[in-house]
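# A closer look at the structure
What follows is the residue order along each chain.
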Amino acid sequence: DAEELLEKVFREFSISAGDFDFTRYFPAEGLWLLPSRKKSQKPAHPLTLGMLLEAIRDGVWRTAALET
């Protein structure tokens, strides 16, 4: 799954997590029983390969810099 993949990428390329927030890019999936609560979730931000490459180059995840 995405969380395992990203953990491996961060570890393999020695990326410091910085301000990385997994739920920013992959919102919780377990709210199917409460559809009214699911609608109130913030939409997911796109996480791109370009962002990962830049984090690999910098060695740290900096959300504000990567999302510009």
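About the criteria used
Residues numbered from 1 in each chain as written. Predicted model: local features only at pLDDT ≥ 70, side-chain atom pairs only at ≥ 80, totals over all residues. Heavy atoms only, no water. Helix = DSSP H or I, 4+ residues; strand = E, 2+ residues; numbered from the N terminus. Core = buried A, V, L, I, M, F, W, Y, C linked by side-chain atoms within 4.5 Å. Buried < 20%, exposed > 50% of the residue type's maximum accessible area, 1.4 Å probe, protein only. Contact = heavy atoms within 4.5 Å.

Its identity is not glycine, yet Ser14 carries a phi of approximately 50 degrees, on the positive side. When you line up the elements, Ser14 lands in the loop between α1 (2-12) and α2 (22-25).

On to the environment of Glu7. Assignment of secondary structure puts Glu7 in helix α1. Sequence separation between Glu7 and Ala17 is 10 residues; the distance between their C-alpha atoms is 9.4 Å.

Another aspect to go through is the nonpolar core. Within the largest apolar cluster, 10 residues are counted, these being Leu6, Val9, Phe10, Ile15, Tyr25, Met51, Leu52, Ala55, Trp61 and Leu66. In this structure, Phe10 is in contact with Ile15, Ser16, Ala17, Phe20 and Trp61, ignoring residues within four places of it in sequence.

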